[in-house]
Amino acid sequence: MALTLTRRKFLQTASLAAASIPLSKVTAGAQPGVVKKSYPAPGSFTGTESKPSVCEMCFWRCQIVGKVRDGRLVKLEGNPKSVDNGKSICARGNAGVQLLYDPDRLKYPLKNIGERGKPVWKRISWEEALDECATRLKAAQKNHGPHSLAIFPHGASAKYPMQFFEMTGTENVSEASFFQCRGIRDMGYVSTFGFAPGENVDMAHAKAMLLIGTHIGENIHVSHVKSYLKGLANGAKLIVVDPRFSAAASKADIWVKIKPGTDTAFMMAIMNYLVVNNKYDKAFVEGSCEGFDAFREGIAHATLEWAAKICDLAVAQIKEVAELLAANAPNVSIHPGRHVSWHGNDFQRMRAHACLTAILGAYAVPGGLIKPSSGIKLGKVGWPKGEHDEEFSLTGSHKFKPPGMPTENIKKAMLEGKPYPIKACVCWGQNPIQTIPGQQATIQALKKMDFVMVVDVMPTDITMYADILLPEGSYLERYDYIKNGLAGWQPGSDTAVGYIAPRMPVVEPMFERRDQVWITNQLAIRMGYGDKIPVQSLPEMMDQMLAPAGLSIAKMQAMGGIHTQPAKAPYAPAGIKEHAFKTDSGKIELYSEVLSDAGFPAVPTFLPVEEVPEGFARLVYGRSPVHTFNRSQNNRWLHHEIPENPLWINEECGKKMGLKTGDRVHCENQDGIRSRTDTVVMLTPGIRRDTVYMAHGYGTMNTAMTVAKDQGVDDTSLISKVVVDPETGAHGMRNNFVRLIKNGKTLNIPS
Ligand SMILES: Nc1nc2c(c(=O)[nH]1)N[C@H]1C(S)=C(S)[C@@H](COP(=O)(O)OP(=O)(O)OC[C@H]3O[C@@H](n4cnc5c(=O)[nH]c(N)nc54)[C@H](O)[C@@H]3O)O[C@H]1N2
Ligand SMILES: Nc1nc2c(c(=O)[nH]1)N[C@H]1C(S)=C(S)[C@@H](COP(=O)(O)OP(=O)(O)OC[C@H]3O[C@@H](n4cnc5c(=O)[nH]c(N)nc54)[C@H](O)[C@@H]3O)O[C@H]1N2
Ligand code: SF4
Ligand SMILES: [Mo]
C-alpha cells in the first residue's frame, strides 16, 4: 500500500503551492503542478540502457537511473534499488534531461573582452584559459599575499577545488550552504548537542511535528518529504509556525501565524511553560543535560503573555502548542530547519530549537532528533592542508562561525581593502549575485577585483562578471559525489540499512566540458603546485574513496549503482535517558559557559528585529516546488510549470490598495531600490498583513539565459540591507521592506 499512497500524497503535497498559483503571463492554458497523463510511467521506455547515478538538481542527491538510447538520455527515474528515495524523484530531478541538453549551456572556455557585468565573449582554448587563470591568480598572490584570493564554492564539484585553494594559503572561502543557508543551525546545535543535526528528525515515527518556517512540500527533498508524509499518514499532529499559509500549513493541525523574526520568543515561552508546569522530561534533563537551573532562571521572564505580545499571537495558541508537544513527548520532531539565515538573530533561535528538543527528551527515540550517521565509512582523498596565519583571519567577533569565513567580512575586504585587500576571486558552483544579500555591494566588490574566474554549467548572472568563464560537465556527464546514508529503520528493531551510491556519468561529456579534478589539477600545475596533486583523475579519486568499503566504480556499475549493508538503527535502547555528547561538559548545554565566556547569551535569548516602517511590508521568501534557487530557471520543463514568482499580499491590504489578483507590479524597497522586472500579484488571506512573500531565484538578468531572462522578480535585488548574525557571522536577509509600483504609481501598504 505504502508506495501508491505515498506517491500520490507526495505529488499532492508538492503541487499544493503550485496549484495555488493564479495567472501567469507565459503559461496560457497550462495548469501548473498538474501531473500530465501522457507522462511515461517508470520503466516504460523500451530499448534503453539503464545508467545508475546520483541527482544534483538539488543537494539532496537522490539515487537515479538514466534511460539512455543510442547514447542519448531520454529519461531519468529513481533507482529501483534505492532504499532512500526509492523509485521517486521530484519534478526537478526529472527535468535534469533538460539541463543536460539546454542549448544555452556553457560549452567552451570563454574570455570576457568586454566589461564585467557587460561581457563580450571570445571563445578560447583550454590552454589559453588555464594559462591566463594561473598567471592572474599567481599575480594576486604575489602582489597581495595568498590570502588575497576569495573563493565562493557550492555543490559537490566545488569541494576539490576549494581544498586546493585553501592549500595555497587562503582561508577566505564562503560556502553558500554555510553563510546563507544552514551554518547557523549547525553551529547552534554543535554548541548545544555537540553535533550538527542535518535534517535528521525521525518524522516518519513521530506523534507530533513542529515546523518553524521549514516549508516542506515547497522545500522538496524526496526522502525527507516521504518521511514527513509517512508521519502524517500515521496520524502525527502537525504544528506549522509560519507568517504564511505554506503547503505545510495547509496540512497542519495548528497553524501559528507568527510575526516574522519573533520565533525565539515563541519557543522560549513554550520552554518556560513546560518547565514551570513540570511538563518537561526530568529524567532526560537529569541524565543528559547541563545547566538546567541557570537555564530555568534565564527564561523565567518568558511568560505566555510576554511572547504573545511580541509574536502577535493568542496566549491560548502558544499554550495549545506547548500542551500538544508535552502530550506527545518524547516522540516529537522539533525540526531543526535548513535555510535558517533569516533575520540576523538566528543563532539564538537555533539554540532554542535544540533546547526545546532536549527538555522534551526527544533525542534518539522514535520521532525524535537522530544523530546523523552515514552508515558506511569512505576513504578520504584530497589536497594537503594549507598553512594559514592567524593574523589574516577574517573571523572577527564571530567566534561560533561555521567552516569558512563570514561572507560579509570577505566582501568588506574586497570592497574597502580592509583589513587587507582581497584582489581575486573564484566562483565555482555558486551564483553570489542571487545568493549573497546586498546584491549592489556584491557587484561593486566583483568590479573591484584584479581577476574573476567562474566555473559553471549555465550562464547564470554571476558569469556576467567573469574574466575567464570555464564550462564544467554537468552532474549527468561526470563522476563525483558519493552519497552515503542510512535508511529503513523501524521502532522496536535495532537494524537499519547503510547505503553507498556514487555519481557516475549517464552520457559522455559534450563539447569541451571538463570535470573538477582535471580543471583543478591543470590549474595547480600552472600555479606551481603540481607536486601536491593528490589524484590524477576523478574516477581514481572515487576508487580511493570506495576502497575502505571493499568497493570500486567497476563493482558499483556491476551492482546497479547502489551497495547496501546492514547497519545499526539510530535509536537508543528503550528507556535510556542518560547520554554523552561531544560538548565541553559532555552533556547537552542548556546553559552554555562557552557562549557566556565569549560574551554571548548563555541561554536562548530573543533579540528583537527592526519593525516594519510605515507604508511597507516585510519581504520574505521561500522555495518554488519545481525550481532550485536560480539554477533551474532556464530549464524549459520547469519554467513551463511555474514561470514566475507571484507576490503574495494579504487580501484585505491588497483590496485597500486597489489591487486584484493578476495585476502586475514592481517592488521598491526601503532604500529606494526597484525590482528590474515586474511580477503577478496574488491576493490571499494566507499571509499576515505586515508581510509579503515571493519564491526565491527568479528575475535572471543575463540575456544568455534565453528562457529565464526577466521572468519574475529577483528577491535578492531587493535585499540591500544586510544584518549579520553576531555569533556566526552568517547573513540575515529578512530585514528588508517593500512597497509596490503599479503603472508607475507608488502604492503604500496599509498598516
Ligand atoms: N523545491 C525546492 N526545494 C528545496 C530547495 C529548492 O531550491 N527548491 N532548496 C533546498 C535548500 S538548499 C534549502 S536550505 C531548503 C530551504 O527550505 P526551508 O529550510 O524550509 O526554508 P525556510 O526559510 O525555513 O522556509 C521558508 C518559509 O519560512 C517562512 N518564514 C519567513 N519568515 C519567517 C519567520 O520569521 N518565522 C517563521 N516561522 N517562518 C518564516 C516563509 O513564509 C516560508 O514559508 O530547501 C531545500 N529544498
Ligand atoms: N535572497 C535569497 N538568498 C538566498 C536564499 C534565498 O532563499 N533567498 N537561499 C540561500 C540558500 S538556502 C542557499 S543553499 C544558497 C544557494 O546558493 P547557490 O548554490 O549559489 O544557488 P544557485 O542560484 O543555484 O547558484 C549555483 C550556481 O551553480 C551553478 N551550477 C549548477 N550545477 C553546477 C555544476 O555541476 N558545476 C558548477 N561548476 N556549477 C554548477 C548554477 O548554474 C549556478 O550558477 O542561496 C542562499 N541565498
Ligand atoms: S529532491 Fe529532486 S532535485 Fe533534489 S536530488 Fe532528489 S530528485 Fe534531485
Ligand atoms: Mo540551502
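These figures come from a predicted structure and were not determined experimentally.

Quick word on the sheet that holds strand β17 (residues 563–568)
Okay, so step 1: Reading across from one edge, β15-β16-β17 is the order of the three strands in this open sheet, with antiparallel pairing throughout. Each edge of the open sheet carries a strand with a single partner, namely β15 (482–487) and β17. Neighbour to neighbour, the strand axes of the sheet diverge by 25° on average, direction disregarded.
Okay, so step 2: In this sheet, β17 lies alongside strand β16 (residues 495–502) in antiparallel orientation, the contact comprising six bridges. Bridged to V497 within β17 is P566.

Observations concerning the pattern of salt bridges
One side chain can pair with another of opposite charge once the charged atoms of both are near each other.
Okay, so step 1: In total, this model carries 42 salt bridges according to the counting rule given.
Okay, so step 2: Among the ionic pairs, E77 bridges to K75, the shortest N-O distance being 2.9 Å.
Okay, so step 3: Overall, the relative accessible area of 8% leaves E77 in the buried class.
Okay, so step 4: In this structure, R636 engages D102 in a salt bridge whose closest nitrogen and oxygen atoms are separated by 3.5 Å.

Considerations on the domain arrangement of the chain
Okay, so step 1: The domain architecture assigned to the chain consists of domain 1 (110–177 + 381–477), domain 2 (197–371) and domain 3 (617–747).
Okay, so step 2: Placing the centre of domain 2 and that of domain 3 at their C-alpha centroids yields a distance of 28 Å.
Okay, so step 3: Contacts between the two partners involve 24 residues from domain 2, matched on the other side by 26 residues from domain 3.
Okay, so step 4: Taking both partners together, domain 2 and domain 3 bury about 1900 Å²; carbon and sulfur atoms supply 54% of that area.
Okay, so step 5: Viewed at the interface, domain 3 and domain 2 are joined by one salt bridge.
Okay, so step 6: The interface formed by domain 2 and domain 3 includes 14 residue pairs in polar contact (both at pLDDT 80 or more).
Okay, so step 7: Element by element, the count of residues in the side of domain 2 that touches domain 3 is highest for helix α13 (residues 346–359), at three residues.
Okay, so step 8: Looking at the side of domain 2 that touches domain 3 residue by residue, the class counts come to nine nonpolar, nine polar and six charged.

What about the site of ligand 1?
Okay, so step 1: In the vicinity of ligand 1 lie 32 residues, with H215, D242, D263, H343 and H627 positioned nearest.
Okay, so step 2: With respect to ligand 1, the side chain of H221 contributes an N or O atom lying 3.4 Å from a nitrogen atom.
Okay, so step 3: When ligand 1 sits alone it has 920 Å² of accessible area, and the protein chains cover 99% of it.
Okay, so step 4: Split into classes, the residues belonging to the shell around ligand 1 amount to 13 nonpolar, 11 polar and eight charged.
Okay, so step 5: If you count residues domain by domain, the shell around ligand 1 takes at least three from each of domain 2 (197–371) and domain 3 (617–747).

Focus on the confidence of the model for the chain
Okay, so step 1: Residues at a pLDDT of 70 or more form 94% of the chain, whose mean pLDDT is 94.
Okay, so step 2: The low-confidence segment residues 1–37, where pLDDT is below 50, has 62 contacts with residues more than four positions distant or belonging to other chains.

Comments concerning the packing of aromatic side chains
Okay, so step 1: In total, this model carries 21 aromatic pairs according to the counting rule given.
Okay, so step 2: Between F164 and W383, the ring centres sit 4.9 Å apart and the planes meet at 55°, which makes this aromatic pair tilted. Of this pair, F164 sits in helix α5 (residues 159–167) while W383 sits in the loop between α13 and α14 (407–416), and the two are 219 residues apart along the sequence. Accessibility classification places F164 together with W383 in one group, the buried group.
Okay, so step 3: The ring of W60 carries K483 above its face, with NZ or CZ at 5.3 Å from the centroid.

Observations concerning the packing of helix α11 (residues 304–311) against helix α12 (residues 315–328)
Okay, so step 1: In the contact formed by α11 and α12, the axes pass within 8 Å of each other and the chain directions differ by 115°. As α11 runs across α12, the sense of the crossing is right-handed. Residues L304, E305, A307 and A308 of α11 pack against V315, I318 and K319 of α12.
Okay, so step 2: Looking at the contact of α11 with α12 residue by residue, the classes come out as five nonpolar, no polar and two charged.

Section: the side chain of H339
Okay, so step 1: Looking at where H339 falls in the secondary structure, it is placed in the loop between β11 (332–334) and α13.
Okay, so step 2: A relative accessible area of 18% places H339 in the buried class.
Okay, so step 3: Within the structure, the side chain of H339 is placed 2.9 Å from the side chain of Y621, a separation counted as a polar contact.
Okay, so step 4: Not counting the four nearest positions on each side in its chain, H339 is found in contact with Q180, C181, Y621, R623, M733 and R734.

Brief notes about the nonpolar core
Okay, so step 1: Of all hydrophobic cores here, the largest spans 115 residues; its most connected members are L73, F193, Y228, F266, F295, L325 and L356.
Okay, so step 2: Looking at this core element by element, the count peaks at 10 residues for helix α8 (residues 263–276).
Okay, so step 3: Those residues in contact with F266 that sit more than four places away from it in its chain are I212, V241, V256, I258, A307, C311, L313, I318 and V321.
Okay, so step 4: Core analysis: the next-biggest nonpolar cluster, separate from the first, contains 47 residues, W383, F451, Y529 and I553 among them.

Things to note about the environment of W126
Okay, so step 1: Inspection of the secondary structure assignment puts W126 in helix α4 (residues 126–144).
Okay, so step 2: Remark: the alpha-carbon pair of W126 and E512, spanning 386 residues in sequence, is separated by 8.4 Å.
Okay, so step 3: Ignoring any residue separated from it by four or fewer positions in sequence, one finds W126 in contact with P109, L470, P471, E512, R514, W518 and I519.
Okay, so step 4: Only 2.8 Å separates the side chain of W126 from the backbone oxygen of E512, close enough to count as a polar contact.

As for the site of ligand 2
Okay, so step 1: Close to ligand 2 lie 29 residues; H154, T435, D456, T460 and R478 are nearest.
Okay, so step 2: H154 is positioned such that a nitrogen or oxygen atom in its side chain is 2.5 Å from an oxygen atom of ligand 2.
Okay, so step 3: In the model, an oxygen atom of ligand 2 is placed 2.9 Å from a nitrogen or oxygen of the R623 side chain.
Okay, so step 4: Alone, ligand 2 offers 920 Å² of accessible surface; in the complex the protein occludes 96% of this.
Okay, so step 5: Put simply, the parts of the chain that give the shell around ligand 2 at least two residues each are α6 (176–193), α15 (432–435) and β13 (451–456).
Okay, so step 6: Per-element accounting of the shell around ligand 2 gives the leading share, three residues, to α6.
Okay, so step 7: In terms of residue class, the shell around ligand 2 is built from 10 nonpolar, 13 polar and six charged.
Okay, so step 8: Residue-level mapping places the shell around ligand 2 at the junction of two domains, with at least three residues from each of domain 1 (110–177 + 381–477) and domain 3 (617–747).

Description of the pairing of β13
Okay, so step 1: Counting buried residues in β13 gives six out of six residues, a clear majority hidden from the surface.
Okay, so step 2: Of the two faces of β13, the one lined by F451, M453 and V455 and the one lined by V452, V454 and D456 are each fully buried.
Okay, so step 3: Where strand β12 (residues 424–428) lies against β13, five bridges are found, and the strand directions are parallel. Its bridge partner being in β13, C425 is matched across the sheet by V452.
Okay, so step 4: With four bridges connecting them, β13 and strand β14 (residues 468–471) associate as parallel partners. Opposite V455, over in β14, you have L470 as the bridge partner.

Cut-offs and rules
Residues numbered from 1 in each chain as written. Chains lettered and ligands numbered in written order. Predicted model: local features only at pLDDT ≥ 70, side-chain atom pairs only at ≥ 80, totals over all residues. Heavy atoms only, no water. Pairing = 2+ DSSP bridges. Helix = DSSP H or I, 4+ residues; strand = E, 2+ residues; numbered from the N terminus. Axes fitted to C-alpha atoms, helices over the stretch in contact; angles between N-to-C directions. Salt bridge = Lys/Arg side-chain N within 4 Å of Asp/Glu carboxyl O. Buried < 20%, exposed > 50% of the residue type's maximum accessible area, 1.4 Å probe, protein only. Domains from an automatic or database assignment. Contact = heavy atoms within 4.5 Å. Buried area = accessible area lost by both parts, 1.4 Å probe. Polar contact = N/O pair within 3.5 Å; in protein donor to acceptor, adjacent residues only side chain to side chain. Nonpolar A, V, L, I, M, F, W, Y, C, P; charged D, E, K, R; others polar. Near = heavy atom within 4 Å. Areas by Shrake-Rupley, 256 points an atom, 1.4 Å probe, with all protein chains shown as cover. pLDDT = per-residue confidence, 0-100. Phe/Tyr/Trp six-rings, centres within 6.5 Å; stacked < 30°, edge-to-face > 60°. Lys NZ or Arg CZ within 6 Å of the ring centre and 35° of its normal. Left-handed = near helix turned anticlockwise from the far one by under 90°. Core = buried A, V, L, I, M, F, W, Y, C linked by side-chain atoms within 4.5 Å.

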